[in-house]
Amino acid sequence: MNARAKHIVLLGIGHTNAHVVKEWASDPIPGCELICISKFPTATYSGMLPGTLGQQFSDDEMRIDLRELADRAGAKLILADTCGIDLESGEVLFSDHESVSFDALSIGVGSMPAGWQQHAESPLMVPIKPMQTFLRRLNDHLQATNRPMRVAIVGGGVAGIEIACCLQERLHKREQKQENAIEIFTSSDHVADGMTDRSIRRIEKLLEGRNIAVHHGQRVTEVGEAELVTEDGERHSAGCVIWATGAAAPPVLEKLGLQSDSRGFVATSNTLQSLSDPRIFAVGDSGTVIESPSPKAGVYAVRQCPILWHNLRATITGGTMKTFSPQSDFLKLLNTGDDKALLQYGWFTAHARWCWTLKTWIDKRFVREFQFNGNSAGDVQATSPARKTVASK
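Calculation criteria
- Residues numbered from 1 in each chain as written.
- Predicted model: local features only at pLDDT ≥ 70, side-chain atom pairs only at ≥ 80, totals over all residues.
- Heavy atoms only, no water.
- Pairing = 2+ DSSP bridges.
- Helix = DSSP H or I, 4+ residues; strand = E, 2+ residues; numbered from the N terminus.
- Axes fitted to C-alpha atoms, helices over the stretch in contact; angles between N-to-C directions.
- Contact = heavy atoms within 4.5 Å.
- Buried < 20%, exposed > 50% of the residue type's maximum accessible area, 1.4 Å probe, protein only.
- Lys, Arg positive; Asp, Glu negative; His and termini not counted.
- Salt bridge = Lys/Arg side-chain N within 4 Å of Asp/Glu carboxyl O.
- Polar contact = N/O pair within 3.5 Å; in protein donor to acceptor, adjacent residues only side chain to side chain.
- pLDDT = per-residue confidence, 0-100.
- Patch = residues over 30% accessible without salt bridge, like charges linked within 9 Å, V, L, I, M, F, W, Y side chains within 5 Å.
- Areas by Shrake-Rupley, 256 points an atom, 1.4 Å probe, with all protein chains shown as cover.

## Quick notes on the sheet that holds strand E18 (residues 240–243)
As summarised here, the arrangement of the five strands in space is E11-E18-E12-E13-E14, forming an open sheet in which the pairing is parallel. At either margin of the open sheet sits one strand with a lone partner, and together these are strand E11 (125–127) and strand E14 (213–215). Put simply, the sheet's adjacent strands are angled 25° from each other on average, direction ignored. Here three bridges tie strand E13 (residues 181–185) to E14, and the two strands are oriented parallel to one another. Across the sheet, Phe185 pairs through a bridge with His215, a residue of E14. With respect to the sheet, helix H4 (residues 131–144) is in contact with E11 and E18, its orientation differing from that of E11 by roughly 160°.

Dropping the structure here:
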């Protein structure tokens, strides 16, 4: 009687887990089945989301069709809502699907913007995640309010800045240049924490030149029906609140019952294995390497790709585990929405069209590794009127 095939299960198909699927297509592990689990039929590449908002890309260009990706690898795709893990039986549990057994499990469900849930009932709220539905939700909100509005972006990090710049370009293209206002609210004393002083000055000057106001040093404590309130008691009128704060653990991670860090992300060793169970890995934003934690940024998820692939194979076939050592610095490219980008590497900072060309080349090269025939079907309609033209090239 043949032994049961072993199961590698990927929970969430973000940057790192998607790489496993791609590698599997050319080099599957003998005697093993690959099972992919996602709540959505597509994965959205975060690096191209602001540009898609600004109509620099079509919606299809930033999406990965998970059904097609899984089919190419001979993997099984399950679209379901995960509700837990049974460590004793080695099963992933669902609220709307039968359980799935695993011999190795990689968790890559990303993160959510911190603090959004306490304001979720406000009709103004549009959190940037889940990214698969962000553009549709924002587009519906903007279209439902057929009048000039003040858009408040909560979060002064790179994501909030890119959204502000690209949304402004989008509104300009709708010939509403003078009528809408965009403001950024950040609890920090300046925008773009983690970047150099020189870069921060360039960004703040850029925002000032575009009349994008920045409210520093005040947390948003309340989001109502027509305004938001900061911790100093000031009330600011708003027609839309885009929540783009730093990373917080998504609710599903708490359901899994694994050891976590102080913020709720899965605690791992430097081999990316959960401290609760060596069969389980947590990658990208979902995990924190306790002895060398790194920022929740996509570049680290990408750098974890070969480590995860090697260690999953070692878990099944035996062998020595590789360790992940996050780099201390990396190339940063910030989309400013005007076919330029701000580049920072070490001490060097530039804001130019060639930086945008470089960013576009890097982003498209990455996402196309997971696309086929230049087309990735999504669950969100493109907001760009040029979608068909771009997609048909």
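Next comes the rest of the account.
## Side note on the sheet that holds strand E6 (residues 82–86)
Reading across the sheet, the three strands line up as E6-E7-E8 and stay open at both edges, with antiparallel pairing between neighbours. This sheet does not close on itself; its edge strands, each paired only once, are E6 and strand E8 (100–101). Strand direction decides the pairing type here: E6 and strand E7 (residues 91–94), joined by four bridges, are antiparallel. Bridging from a neighbouring strand, Asp86 pairs with Glu91 of E7.

## Here we look at the side chain of Asp261
Among the structural elements, Asp261 can be located in the loop between helix H7 (251–256) and strand E20 (266–268). Salt bridges are absent for the buried Asp261, whose nearest opposite-charge side chain, Arg263, sits at 4.7 Å. For Asp261, the side chain forms a polar contact with the main-chain nitrogen of Arg263, separated by 2.9 Å. Here Gly264 takes part through its backbone nitrogen, which lies 2.9 Å from a polar atom of the side chain of Asp261. Those residues in contact with Asp261 that lie beyond four places of it in its chain are Ala267, Thr288 and Ile290.

## Some details on the confidence of the model for the protein chain
Low pLDDT means the predicted atomic positions in that stretch should not be read closely. Per-chain confidence: the protein chain averages 91 in pLDDT, with 92% of residues scoring 70 or above. Within the model, pLDDT remains below 50 along residues 374–393, and this stretch shows 42 contacts once partners closer than five positions in the same chain are excluded.

## Brief notes about a nonpolar patch on the surface
A surface patch of nonpolar side chains, about 400 Å² in accessible area, is lined by Leu331, Tyr345, Trp361 and Ile362. Residue class for Leu331 comes out partly exposed when judged on its relative accessible area of 34%.

## Brief notes about the pairing of strand E24 (residues 341–345)
The element E24 is largely enclosed, with a buried count of four among its five residues. As defined by bridge partners, strand E23 (residues 332–335) adjoins E24 across four bridges and the pair is classed as antiparallel. Considered in E24, the bridge of Leu334 is made with Leu342. Connecting E23 to the antiparallel partner E24 that follows it, the hairpin turn spans five residues, and Gly337 within it adopts a positive phi of roughly 80°. Relative to strand E25 (residues 348–352), E24 runs antiparallel, the two being bridged by five bridges. Paired with Leu342 across the strands is His351, a residue of E25.

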